[in-house]
Amino acid sequence: MKTRILILGLCLVTVAAFGQVNPKMKELQPFVGTWQCTGTTFASPWGPEHPTTATVTGNWRLAGTWIEIHYTEAKTKKNPHPYEVRALWGYDEQAKTLFAGSFDNMGGYSTGTSPGWEGDKLTFTGPMHGGGATMNTRDIFTKVGKNEMHHQGEMEEKGVWKKLDEEVCKR
């Protein structure tokens, strides 16, 4: 099978020839659609703890070789600077891992990889860059049935994972 090489940001990702989407991409199907989320962003160097509400949309892009995720928090009195993220998730044929590249409205970006679902959990781990710093982060998604997904964001600090945020999302 012929492969094509795409350069996306700082990452080298291989994609199967036209019309041949890697079957591993089907693992991302649960993220397609629109979700309503409620949760908490915990106190951190970026601000105080506060409740969040958000809308998440997931759509297949570029002939099914990528899924685009758009996360948008609502502006509220307790969340005057809502977070917004655009992400593309795909499959790296060479590394045999799922890949995530994300950009946010705070000027940050991150990349992460995942071996895929382990039971009901999908975890992307990798560096996040923003505010003049780089830190190791992970996003943990847990399926709770067909119409509910839990998310937990964490950063590694001195070898210990610290929870940054958590959300419950429902269709």
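Structure report, in brief. Source: prediction; values computed, not measured.

Calculation criteria
- Residues numbered from 1 in each chain as written.
- Predicted model: local features only at pLDDT ≥ 70, side-chain atom pairs only at ≥ 80, totals over all residues.
- Heavy atoms only, no water.
- Helix = DSSP H or I, 4+ residues; strand = E, 2+ residues; numbered from the N terminus.
- Polar contact = N/O pair within 3.5 Å; in protein donor to acceptor, adjacent residues only side chain to side chain.
- Contact = heavy atoms within 4.5 Å.
- Buried < 20%, exposed > 50% of the residue type's maximum accessible area, 1.4 Å probe, protein only.
- Disulfide = S-S within 2.5 Å.
- Core = buried A, V, L, I, M, F, W, Y, C linked by side-chain atoms within 4.5 Å.
- Pairing = 2+ DSSP bridges.
- Axes fitted to C-alpha atoms, helices over the stretch in contact; angles between N-to-C directions.
- Salt bridge = Lys/Arg side-chain N within 4 Å of Asp/Glu carboxyl O.

Position of Thr-142 among the secondary structure elements: in strand S10 (residues 133-143). Side-chain polar atoms of Thr-142 contact the side chain of Lys-121, separated by 3.4 Å. Ignoring anything within four residues of it in the chain, the contact list for Thr-142 reads Asp-120, Lys-121, Glu-148, Met-149 and His-150.

Our next topic: unusual backbone geometry. Only a minority of non-glycine residues have a phi that is not negative, and only a minority of peptide bonds are not trans. Phi is positive for Leu-62, close to 50°, though the residue is something other than glycine. Note on placement: Leu-62 falls in the loop between strand S4 (50-61) and strand S5 (66-73). According to the relative accessible area criterion, Leu-62 is exposed, its value standing at 64%. Backbone geometry places Lys-158, a non-glycine residue, at a positive phi of 55°. For Lys-158, the location among the structural elements is in the loop between strand S11 (148-157) and strand S12 (160-170).

Bringing the state of the cysteines into the picture now. Enumeration according to the criterion identifies 1 disulfide in this entry. Disulfide pairing places Cys-37 opposite Cys-169 at an S-S distance of 2.1 Å. Sign of the S-S torsion, about 110° for the bond between Cys-37 and Cys-169, identifies this disulfide as right-handed. Residue Cys-37 is located in strand S3 (residues 33-41), and its partner Cys-169 is located in strand S12; the two are separated by 132 residues in the primary sequence. Owing to a relative accessible area of 9%, Cys-169 belongs among the buried residues under this scheme.

Let us now look at the nonpolar core. Among soluble globular proteins, nonpolar side chains are generally buried collectively. With 23 residues, the main nonpolar core has Leu-28, Phe-31, Trp-89 and Leu-122 as its most contacted residues. For this core, the elements supplying multiple residues, two or more each, are S3, S4, S5, strand S6 (84-92), strand S7 (97-104) and strand S9 (121-130). Among the elements that take part in this core, S6 stands out by supplying 4 residues, more than any other. In this structure Leu-28 touches Trp-60, Ile-67, Trp-89, Leu-98 and Leu-122, once residues within four positions along its chain are discounted.

Hydrogen bonding along the main chain pairs the strands of a sheet, whether they run parallel or antiparallel. Around the barrel, 10 strands lie side by side as S3-S4-S5-S6-S7-S8-S9-S10-S11-S12; this closed barrel has antiparallel pairing. With strand direction ignored, the average angle separating the axes of adjacent strands in the sheet is 25°. Summarising the sheet, S6 and S7 pair through 8 bridges and their orientation is antiparallel. Residue pairing across strands places Trp-89 opposite Ala-100, the latter belonging to S7.

Further remarks concern the pattern of salt bridges. All told, the structure shown has 5 salt bridges when counted by the stated rule. Residue Arg-138 pairs with Glu-154 through a salt bridge whose shortest N-O separation is 2.4 Å. Linking Arg-138 in strand S10 with Glu-154 in strand S11, this pair joins segments that are 16 residues apart in sequence. For Arg-138, a relative accessible area of 23% puts it in the partly exposed group. In this structure Glu-154 comes out as buried when scored by relative accessible area, which is 8%. Here Lys-163 ties to Glu-166 by a salt bridge, and the two come within 3.2 Å at their closest N and O atoms. Taken together, the shared-partner salt bridges connect Arg-61, Glu-68 and Arg-86 into one network.

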